[in-house]
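Inside the fold
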Amino acid sequence: MKALIWCAPYKVKVEDVPEPKIINKRDAIIRVTSTCICGSDLHLVDGFIPFMKPGDILGHEPMGIVEEVGPDVDKSKVNVGDRVVVPFHISCGECFFCQRQMYSCCDNTNTKPYIGETLLGQATAGILGYSHLTGGYAGGQAQFLRVPLADFNCQKMPQEFEDEKLVFLSDIYPTGYMAIQHCNPQPDDTVAIWGCGPVGQFAIRSAFLLGAAQVVAIDDEQKVPERMQMARDAGAITIDMHDEYVYDRLLDLTGGLGPDICVDAVGMEAHGYTMLETIYDKVKTNLFMETERPHAVRQALMCCRKGGTVSIAGVYGGLSDKIPMGALMNKALTIKTGQTHVHRYVPELLETIRQGRIDPSFVVTHRMPLSEAPHAYNIFREKSDGCIKVVLDPAA
Amino acid sequence: MPQTQQSAANRGVHTGDGRQRSGEGPLRQFIQEHVPSLTPQNGHQAHRQNVADGERVVSVAAGAILAGLGLARRDLTGLAIAGVGGALAYRGATGHCPMYQSLGVDTATGEQHRRSAESRGVQVTESYYIRKSPEELYSFWRNFENLPQFMEHLESVHNEGDRRSHWVATAPAIYGGQVEWDAEITADEPNRRIAWRALPDSDIQHSGEVRFQPGPGDRGTNVTVNLQYHPPAGQVGRWLAKLFGEEPETQIREDVRRFKRLMETGEIPSIKGQPRGTCLGHGTRS
Ligand SMILES: NC(=O)c1ccc[n+]([C@@H]2O[C@H](COP(=O)([O-])OP(=O)(O)OC[C@H]3O[C@@H](n4cnc5c(N)ncnc54)[C@H](O)[C@@H]3O)[C@@H](O)[C@H]2O)c1
Ligand SMILES: [Zn+2]
Ligand SMILES: [Zn+2]
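Within each chain, residues carry numbers counting from 1 in the order of the written sequence. All chains are assigned letters beginning with A, and all ligands numbers beginning with 1, in the order in which they are written. Where local features are concerned, this predicted model is filtered to residues with pLDDT of at least 70; where side-chain atom pairs are given and counted, the filter is 80 or more; whole-chain, interface and lining totals use all residues. With hydrogens and water stripped out, all remaining heavy atoms of the structure feed into the side-chain values.

**Some details on the environment of tyrosine 245 of chain A**
All names here are of chain A. Position of tyrosine 245 relative to the elements: it lies in the loop between strand E12 (237-240) and helix H9 (246-253). Exposure classes here rest on a 1.4 Å probe applied to the protein chains alone. A residue is buried below 20% of its type maximum, exposed above 50%, and partly exposed in between. Look at tyrosine 245 and you get exposed, because its relative accessible area is 68%. With 24 residues separating them in the primary sequence, tyrosine 245 and glutamate 269 have C-alpha atoms 21 Å apart. Numbered from the N terminus, helices here are DSSP runs of H or I no shorter than four residues, and strands are runs of E no shorter than two.

As structure tokens, this is what we get:
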């Protein structure tokens with residue numbers, strides 16, 4: 001089968017590899033019908049999460065048709081022929097964390113927990129196509145995919161919607177939604193969202209779905225005008241980080257209080273706001289004084305209103321520096337974060353699609369065959385050709 | 001020492017005495033596989049290792065990437081980035097950081113202390129909450145023939161009567177392939193505790209104990225496993241490494257974790273045999 005392979009930082013290629021087989025008795029094999037490229041894939045490909053091995057298959061946003069199930073799969077939950085979305089993380093449904101619906105923290109699915117334990121103190125769940133930090137599982141940018149503990153992880157989908165309306169239930173729709181929902185938004189709240197990438201776009205729409213009074217989106221009007229326009233189309237007020245003072249605008253928009261909820265939907269490869277800050281982080285990352293560029297978190301902490309909530313959806317992997325702890329502590333802020341607990345949200349978000357309250361395909365700008373995935377990675381990284389979200393077709 | 005305190009110490013990433021916790025053996029293996037060209041050769045003692053392994057992985061990776069990034073840019077800042085990246089990769093690969101040396105920082109000594117303890121035998125205590133009843137966990141463990149399902153170094157165990165069993169463990173072929181011994185149960189408290197030991201005339205001095213105690217709330221059963229392995233009398237050195245590889249404590253910790261996973265989910269997560277690419281064009285299975 002064809003699969004997208006990581007070879008070296010910034011280098012991926014499509015290669016012929018063997019088809020996956022059932023390894024454990026609760027595995028299923030999925031024929032992938034749609035699979036997407038995510039901002040997290042960029043962190044992995046670019047080497048910011050340095051646990052990829054050459055030859056690893058990428059991809060964690062797949063859906064498809066079940067082709068084969070192992071002998072111990074509970075067939076009342078999933079069976080051959082079912083149409084399923086596969087959450088990006090693999091969960092067991094049984095452990096301490098799964099019982100508390102913290103599925104991305106599952107204790108039983110990461111095959112190499114000792115890496116996470118050394119780097120993070122404890123390991124996260126296994127994640128598809130997401131480096132050996134999260135178990136080294138072969139990913140979903142491929143024609144076929146093995147799904148462990150399939151009766152828990154395969155999310156059955158109805159036939160009536162096309163792939164593009166459903167596939168984002170694997171990651172970015174629940175991610176944008178959780179980023180707002182777990183901050184417990186109130187009807188008079190202002191939500192500010194850094195980053196108008198796919199995750200930011202779903203956070204903006206989720207904030208409205210959850211009844212926020214005002215949504216403000218921050219990104220770069222010169223680099224990504226189409227993303228800013230998409231944010232405005234959803235009803236958000238936009239701030240151009242390139243030309244405007246983000247802090248001043250946010251305070252003006254909130255009667256001097258600052259936003260109640262501040263969401264980082266940017267992550268570890270953020271662009272700096274000032275020359276000084278940018279140079280600072282460049283020098284520090286070079287000296288391994290930090291491993292990432294936390295510009296958006298820093299600004300979110302400074303802008304957030306006293307007693308407000310900062311929600312970190314953007315991914316970080318290691319050590320960040322110059323986090324304004326003074327702001328965090330003295331302003332009585334709450335931090336909400338985590339890899340998304342996808343399984344928790346799939347039923348209610350599927351319902352929002354059914355009810356026509358959202359059509360998740362709004363975010364798709366590019367549909368390409370899997371064979372063109374390396375080009376797709378380039379335009380998505382460069383934000384060129386108006387690229388916001390790419391859906392790959394493995395059959396084409 | 002109370003049980004909870006002891007297991008808390010076992011779980012510390014860095015314990016007070018500078019010991020680094022279990023993961024570091026497989027991590028070292030990961031560095032060796034991942035960046036073999038950067039792994040120092042044995043006997044290369046020009047600079048002593050003073051950067052702990054977890055940190056080295058990140059240094060190597062961050063350094064290599066930065067060097068690559070810097071070299072891709074043909075201007076002055078690019079050159080500067082490449083230089084720093086190279087230094088980082090050096091630090092990660094050799095385990096030696098000139099800056100740490102000048103600051104008198106040594107994050108690796110604890111690991112070396114611990115390694116010399118290997119030659120004195122292995123004693124490991126691990127505990128996990130497992131979301132199953134003491135009854136289920138006890139009865140699975142009480143049938144020693146189940147142990148090879150989660151203890152990676154065991155090839156087979158055969159019960160011979162109610163209290164006696166015959167154990168076969170795998171060792172690398174160059175060391176003879178197998179070690180065998182007979183064991184007997186020394187304590188059996190249904191749903192609470194099992195203890196066993198190798199018979200006194202065995203090639204190996206081994207004893208073990210597992211306790212099952214109800215955990216707080218809905219956290220399941222607190223399972224505490226205590227295992228001891230000692231080289232046969234008179235025989236010194238690396239005997240245990242033959243059985244467990246370089247890091248016996250880590251291996252045993254992972255064994256107990258496999259028991260938890262097997263009990264909670266019915267399986268042990270695995271990626272053995274999944275497809276992967278070669279970057280040349282003909283994929284393989286790993
Ligand atoms: N928590 C989770 O489970 C989860 C799931 C999916 C993705 N993510 C993470 O979410 C983040 C965003 O993902 P994406 O797919 O939208 O990525 P993306 O790269 O397409 O979008 C990032 C956007 O942030 C903008 N940006 C960069 N620096 C900024 C700054 N300083 N201020 C404001 N905007 C800035 C960029 O211009 C870009 O539009 C990534 O870090 C990704 O790893 C997390
Ligand atoms: Zn994703
Ligand atoms: Zn779990």
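**With respect to the sheet that holds strand E14 (residues 309-312) of chain A**
All names here are of chain A. Spatially, the six strands line up as an open sheet ordered E12-E11-E10-E13-E14-E15, and their pairing is parallel. Two strands in the sheet have a free side with no partner beyond their single neighbour: E12 and strand E15 (334-337). Across the sheet, the mean angle separating the axes of adjacent strands is 20° when strand polarity is ignored. Judged from the four bridges that link them, strand E13 (residues 261-264) and E14 form a sheet pairing that is parallel. Note that in E14 the partner of cysteine 262 across the bridge is valine 310. Strands are treated as partners if at least two bridges between them are detected by DSSP. The axes are straight lines fitted to the C-alpha atoms, using for helices just the contacting stretch, and the angles between their N-to-C directions are given from 0 to 180°.

**Some words on the packing of H9 of chain A against helix H11 (residues 295-303) of chain A**
All names here are of chain A. The contact between H9 and H11 brings their axes to 10 Å, and the two run at 35°. Judged by the sense of rotation from one axis to the other, the crossing of H9 with H11 is right-handed. Seen from H9, the contacting residues are Val246, Tyr247, Leu250 and Leu251; seen from H11, they are Gln299, Met302 and Cys303. In this count, Pro and Cys sit with the nonpolar residues alongside Ala, Val, Leu, Ile, Met, Phe, Trp and Tyr, while Asp, Glu, Lys and Arg are called charged and the others, Gly among them, polar. Looking at the contact of H9 with H11, its residues break down into six nonpolar, one polar and no charged. It is the rotation of the near helix from the far one that decides the hand of a crossing: anticlockwise by less than a right angle makes it left-handed, clockwise makes it right-handed. The contact definition used throughout considers only heavy atoms, calling two residues in contact when any of these lie within 4.5 Å.

**Digging into the coordination of the zinc ion (ligand 2)**
Residue and element names in this part refer to chain A. All of the protein donors around the zinc ion (ligand 2) are Cys38 (SG), His60 (NE2), Glu61 (OE) and Asp171 (OD); their distances to the metal are 1.9 to 2.4 Å. Taken together, the four donor atoms coordinating the zinc ion (ligand 2) and their angles of 87 to 138° define a geometry best described as irregular. Note that water is not among the atoms used; donors are N, O and S atoms within 2.8 Å of the metal (3.2 Å for Na, K and Ca), so sites may look incomplete. Read in sequence order, the donor residues coordinating the zinc ion (ligand 2) give the pattern C-x21-H-E-x109-D. Of this pair, cysteine 38 sits in the loop between strand E3 (28-36) and helix H1 (39-46) while histidine 60 sits in the loop between H1 and strand E4 (62-69), and the two are 22 residues apart along the sequence. In short, tetrahedral needs four donors with all angles between 85 and 135 degrees, square planar needs four and octahedral six donors with opposite donors over 155 degrees apart and all other angles between 65 and 115, and whatever is left is irregular.

**Some thoughts on the confidence of the model for chain B**
Residue and element names in this part refer to chain B. By definition, pLDDT measures how confident the predictor is in each residue, and it falls between 0 and 100. Summarising the model, chain B shows a mean pLDDT of 69, and 50% of its residues fall at 70 or more. Looking at the elements of chain B, mean pLDDT is at its lowest for helix H5 (residues 98-103), recorded as 37, and at its highest for strand E8 (residues 275-276), recorded as 98. Considering only residues more than four positions removed or in separate chains, one finds that residues 1-24, a stretch of pLDDT under 50, has 44 contacts. pLDDT under 50 marks residues 66-118. Its contacts with residues more than four places away, or in other chains, come to 109 contacts. For this predicted complex, the interface confidence score (ipTM) comes to 0.91, while the overall pTM stands at 0.84.

**Description of the coordination of the zinc ion (ligand 3)**
All names here are of chain A. Within the protein, Cys92 (SG), Cys95 (SG), Cys98 (SG) and Cys106 (SG) serve as the donor atoms for the zinc ion (ligand 3), at 2.3 to 2.4 Å. In this structure, the zinc ion (ligand 3) is surrounded by four donor atoms whose angles at the metal cover 102 to 116°, and the resulting shape is tetrahedral. Linear spacing of the donor residues for the zinc ion (ligand 3) on their chain is C-x2-C-x2-C-x7-C. Taken individually, cysteine 92 and cysteine 95 each receive the classification buried, so the pair is uniform in this respect.

**Details of the pattern of salt bridges**
Basic side-chain nitrogens of Lys or Arg form a salt bridge, by our definition, when they fall within 4 Å of a carboxyl oxygen of Asp or Glu. Applying the stated criterion to the full structure yields 31 salt bridges over all chains. For aspartate 56 of chain A, the salt bridge is made with arginine 276 of chain B, and the minimal N-O distance between the two is 2.9 Å. Taken together, the residues aspartate 56 of chain A in the loop between H1 and E4 and arginine 276 of chain B in strand E8 connect one chain to another. Judged by relative accessible area, which is 8%, aspartate 56 of chain A ranks as buried. Exposure remark for arginine 276 of chain B: the relative accessible area of 14% places this residue in the buried category. Its salt-bridge partner being arginine 197 of chain B, residue glutamate 184 of chain B comes within 2.9 Å of it at the nearest N-O pair. Taken together, the residues span a long stretch of sequence, with glutamate 184 of chain B in strand E4 (residues 178-189) and arginine 197 of chain B in strand E5 (residues 193-198) at a distance of 13 residues. Salt bridges sharing partners connect three or more residues here, namely Glu189, Arg192, Arg193, Glu209 and Arg211 of chain B.

**Quick look at the packing of helix H3 (residues 113-120) of chain A against helix H9 (residues 248-265) of chain B**
Each pair of packed helices can be described by the angle between their axes along with the distance between the axes. Direction vectors running N to C along H3 of chain A and H9 of chain B enclose 110°, while the axes themselves pass 12 Å from each other. Regarding the angle of H3 of chain A to H9 of chain B, the classification is roughly perpendicular. Two secondary-structure elements touch here, H3 of chain A through Pro113, Tyr114 and Glu117 of chain A and H9 of chain B through Arg253, Glu254, Arg257 and Arg261 of chain B. Split into classes, the residues belonging to the contact of H3 of chain A with H9 of chain B amount to two nonpolar, no polar and five charged. To sort the angles, those under 35 degrees are grouped as roughly parallel, those over 145 as roughly antiparallel, those from 65 to 115 as roughly perpendicular, and the leftovers as oblique.

**Notes on the domain arrangement of chain A**
How big an interface is tends to be stated in terms of the accessible area lost upon association of its parts. Residue and element names in this part refer to chain A. Note that domain bounds follow an automatic or database assignment of domains. For chain A, the domain assignment lists domain 1 (2-171 + 340-393) and domain 2 (173-337). Between domain 1 and domain 2, the C-alpha centre-to-centre distance is 25 Å. Listed as interface residues are 32 residues of domain 1 and, on the opposing side, 24 residues of domain 2. Carbon and sulfur atoms supply 68% of the area buried between domain 1 and domain 2, which totals about 2,600 Å² over both sides. Looking only at domain 1, the three residues that lose the most surface to domain 2 are Phe48, Phe362 and Ile388, adding up to 25% of its buried area. Breaking the side of domain 1 that touches domain 2 down by element, the ones donating at least two residues are H1, H3 and helix H13 (342-354). Looking at the side of domain 1 that touches domain 2 residue by residue, the class counts come to 20 nonpolar, six polar and six charged. Note on terms: buried area is the combined drop in 1.4 Å-probe accessible area of two parts once they are placed together, counting the loss on both.

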